[in-house]
Amino acid sequence: MDRIYSVAERARLGEVGTVRAGLPSDLGGRVVAALIAAFRERRPDLRLDLRETGTDQQIRALAEGALDAGVVRHPCDARGLELGPMLAQPLGVLLPAGDAAARPDAPPEVHLADLGTRDVVVPPREEAPGAHDEVLAGCRRHGYAPAAVHEARHPGFALGLVLAGTAVALVPRTDDTAGAVWRPLAGEPLAWRTSCAWRRARDPEHARAIADFTAVATAVLRGEAGMTPLDRAPARRVVPRPSSGFLA
């Protein structure tokens, strides 16, 4: 109670600091809410100013001092920045519920090559060019050559394209919804690589605030978003493609 009164008095006097942090637009409401709650519990004396912005914009904002920290996707130009633990988040495929591969009797995993030339939905390249290019290169490397690439900034738009039968979407694990089913990819050939990034602060108190944010963000990304430390992630296995597939 004494601490609460102390923080309130500091806020009245304008002494409470702020941590300005960037987050990807597709991180998800549940993850964002958990991050805010966890940081509030750890540092009630600080205000958290979250900004929805892509990796490239975060990198520029960190360099200019407009952000204190960010959650970025790799690969990216992180020269001059400090990086937290690298986390991996495997991607799966979101399919229309009527698709053969989404049937209850279908194999539990989908092979990338069996997607043929179907259009694909991924996040906009302008938000994280390195991650965008890496995912599409991985598709080609594993035998999937989409006829067209659609960009969706928010999951709702990607879901709409899938429901319309226009394309399939490459997204992290998500709950099935009316009209769409998520399936993991055989061998986990695609993954987003994510970490916190920040510029070293000269002021010790500011540095502690940034360290607290990055520690909280890393824990929430692991616990709520299902990301795995890259150095502990299981080795990707090679899964032979069946001679006949549901999507062929």
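Before any of the text, the structure's been laid out above.
Residues numbered from 1 in each chain as written. Predicted model: local features only at pLDDT ≥ 70, side-chain atom pairs only at ≥ 80, totals over all residues. Heavy atoms only, no water.

It is worth spelling out the side chain of Gln 58 at this point. As for its position among the elements, Gln 58 is in helix H3 (residues 55-64). You can call Gln 58 buried: its relative accessible area is 0%. Those residues within four positions of Gln 58 in sequence are excluded, and the remaining contacts are Gly 22, Leu 23, Pro 24, Thr 53, Leu 67, Gly 70, Val 71 and Val 72. (Helix = DSSP H or I, 4+ residues; strand = E, 2+ residues; numbered from the N terminus. Buried < 20%, exposed > 50% of the residue type's maximum accessible area, 1.4 Å probe, protein only. Contact = heavy atoms within 4.5 Å.)

What follows covers the environment of Glu 188. Mapped onto the fold, Glu 188 is located in the loop between strand S9 (180-184) and strand S10 (191-198). With relative accessibility at 32%, the residue Glu 188 sits in the partly exposed group. Spatially, the C-alpha atom of Glu 188 lies 7.9 Å from that of Gly 92, the residues being 96 residues apart in sequence.

Quick look at the pairing of strand S2 (residues 46-52) now. Pairing geometry for strand S1 (residues 17-23) and S2, over seven bridges, is parallel. Pairing of Leu 23 across the sheet is with Glu 52, part of S2. You can see the chain leave S1, run along helix H2 (residues 29-42) and come back into S2, and the turn it takes is right-handed. (Pairing = 2+ DSSP bridges. Right-handed = clockwise from strand over helix to strand, strands pointing away.)

A few words now on the nonpolar core. Looking at soluble globular proteins, one finds that nonpolar side chains tend to be buried together. Judged by nonpolar contacts, the single largest core of 24 residues is most densely connected at Val 19, Leu 35, Phe 39, Phe 213 and Leu 221. Looking at this core, the elements that each hand over two or more residues are S1, H2, S2, strand S3 (69-74), S10 and helix H6 (204-223). Sort the elements by how many residues they give to this core and H6 lands first, with seven residues. Excluding residues within four positions of it along the chain, Leu 35 makes contact with Leu 23, Phe 213, Val 216, Ala 217 and Val 220. Listed in part, the 18 residues of the second largest apolar core include Leu 112, Val 120, Val 122 and Leu 190. (Core = buried A, V, L, I, M, F, W, Y, C linked by side-chain atoms within 4.5 Å.)

The α-helix winds at 3.6 residues per turn, so residues separated by three or four positions along the chain end up facing the same way. Three or more residues of H3 are buried, namely Thr 55, Gln 58, Ile 59, Ala 61 and Leu 62. Each buried residue of H3 lies within a common arc of 170° when the element is viewed along its axis, so the set occupies one face. Opposite the buried face of H3, at more than 90 degrees from it, the exposed residues are Ala 63 and Glu 64. Contact partners of the buried residues in H3: S1, S3 and S10. Just downstream of H3, Gly 65 is the residue with a positive phi angle, here 85°. (Arc of directions from axis to C-beta.)

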